[in-house]
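The primary structure of each chain is shown beneath.
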Amino acid sequence: DDDDVAGGADAGGGGEHGPALRGSSFDDDDDDVDEDVADFRERLKEIEAEEAKLREMQEEVSKEISAAAASTSAAGAADKEDADARSVHVSQVDYSARPEELKAHFQSCGAILRVTILCDKYTGKPKGYAYIEFADKASVANALVLNETVFKGRQLRVSAKRTNQPYWMRGGAR
């Protein structure tokens, strides 16, 4: 019986609760864990640095996009206002009129860039009015002289095209 006690749990073999806590096996495991944690922390720092660079790049791109959008919208608005200043609105246009015929009627006013006859979006039939865009602003004054002239049996009404403004910009919104 004494031999069992000497070779049993009291001898450092571990007994019922596993291996003994003495020796170098746990010290080696602690060193491995410390190395793994150090590697993990180093990799985490690299990832955080990369994230900071990506955020900086994203911010620069966002600034470039917003600057480009602002310049495009400002240029687009200026181009639209310029086109409106070079255009006339023609009402009482005959429903059978073709853009080529309107172009021929207004040809004496100046170089015409575009003739647009507006049509109903559901039926596709003309609404009875058109827009004519000229190459220069002086042609608009010449086109206004053609107000109340007869085209295809109807008396045309010619006016300078106005730039459309949304309701809230005209003081309509509260």
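Our subject is the structure that appears above.
Residues numbered from 1 in each chain as written. Predicted model: local features only at pLDDT ≥ 70, side-chain atom pairs only at ≥ 80, totals over all residues. Heavy atoms only, no water.

Colleague: Summarise the overall build of the protein chain; cite the residues concerned and give the values.
Modeller: Assigned secondary structure in the protein chain consists of four helices and six strands. In the protein chain, the succession of α and β elements from N to C terminus is α-α-β-α-β-β-α-β-β-β. A total of 174 residues make up the protein chain; the buried ones form 17% of that total. In the protein chain, the proportion of contacts linking residues at least 24 apart, taken out of those at least 6 apart, comes to 61%. In the structure as shown, the protein chain presents an accessible area of about 13200 Å², 51% of it carried by carbon and sulfur atoms. (Helix = DSSP H or I, 4+ residues; strand = E, 2+ residues; numbered from the N terminus. Buried < 20%, exposed > 50% of the residue type's maximum accessible area, 1.4 Å probe, protein only. Contact = heavy atoms within 4.5 Å. Areas by Shrake-Rupley, 256 points an atom, 1.4 Å probe, with all protein chains shown as cover.)

Colleague: Let's hear about the pairing of strand S1 (residues 87-91): which residues, and what values?
Modeller: Within S1, four of the five residues are buried, which leaves the element mostly enclosed by the surrounding structure. Where S1 and strand S3 (residues 126-134) come together, five bridges link them in antiparallel fashion. Paired with valine 90 across the two strands is alanine 130, which belongs to S3. Examined bridge by bridge, S1 and strand S6 (residues 157-160) share four bridges and lie antiparallel to one another. Following the sheet pairing, valine 88 is matched in S6 by alanine 160. (Pairing = 2+ DSSP bridges.)

Colleague: Describe the packing of aromatic side chains, listing the residues and the values that go with them.
Modeller: Applying the stated criterion across every chain, the model contains one aromatic pair. When the centroid spacing of 6.5 Å and the interplanar angle of 90 degrees are considered together, the rings of tyrosine 129 and tyrosine 131 count as edge-to-face. Classification of tyrosine 129 by relative accessible area gives partly exposed; the value is 25%. The ring of tyrosine 131 carries lysine 161 above its face, with NZ or CZ at 5.2 Å from the centroid. (Phe/Tyr/Trp six-rings, centres within 6.5 Å; stacked < 30°, edge-to-face > 60°. Lys NZ or Arg CZ within 6 Å of the ring centre and 35° of its normal.)

Colleague: Tell me about a negative patch on the surface, and please be specific about residues and values.
Modeller: Taken together, the side chains of Asp30, Asp31, Asp32, Asp34, Glu35, Asp36, Asp39 and Glu42 make up a negatively charged region of the molecular surface. Mapping aspartate 36 onto the fold places it in helix H2 (residues 25-85). (Patch = residues over 30% accessible without salt bridge, like charges linked within 9 Å, V, L, I, M, F, W, Y side chains within 5 Å. Salt bridge = Lys/Arg side-chain N within 4 Å of Asp/Glu carboxyl O. Lys, Arg positive; Asp, Glu negative; His and termini not counted. Charge placed at Lys NZ, Arg CZ, Asp CG, Glu CD.)

Colleague: Break down unusual backbone geometry for me, with residues and values.
Modeller: Look at glutamine 92: it is not a glycine, yet its phi comes out positive at around 65 degrees. Note that glutamine 92 resides in the loop between S1 and helix H3 (99-106). Residue classification places glutamine 92 among the partly exposed residues on the basis of a relative accessible area of 30%. Even without being a glycine, lysine 152 presents a positive backbone phi close to 55 degrees. Along the chain, lysine 152 turns up in the loop between strand S4 (150-151) and strand S5 (154-155).

Colleague: Please give an account of the side chain of serine 91 that cites residues and values.
Modeller: The residue serine 91 is located in strand S1 in this model. Serine 91 sits in the buried class, given a relative accessible area of 17%.

Colleague: Pulling in residues and values, what's your account of the pairing of S3?
Modeller: For strand S2 (residues 112-119) and S3, the ladder comprises six bridges, and the chain directions are antiparallel. What sits directly across from valine 115, in S3, is isoleucine 132. Adjacent in sequence and paired antiparallel, S2 and S3 are bridged by six residues, among which glycine 124 carries a positive phi angle near 80 degrees.

Colleague: Would you mind going over the sheet that holds S3 in detail, with residue names and values included?
Modeller: In space, the four strands of this open sheet follow the order S2-S3-S1-S6, with antiparallel pairing throughout. Looking at strand neighbours, the two that pair on one side only are S2 and S6, the edges of this open sheet. Taken pair by pair, the neighbouring strands of this sheet meet at an average axis angle of 20 degrees, ignoring direction. Contacts between H3 and the sheet are confined to S1, S2, S3 and S6, with S2 contributing the most and set at about 130 degrees to the helix. (Axes fitted to C-alpha atoms, helices over the stretch in contact; angles between N-to-C directions.)

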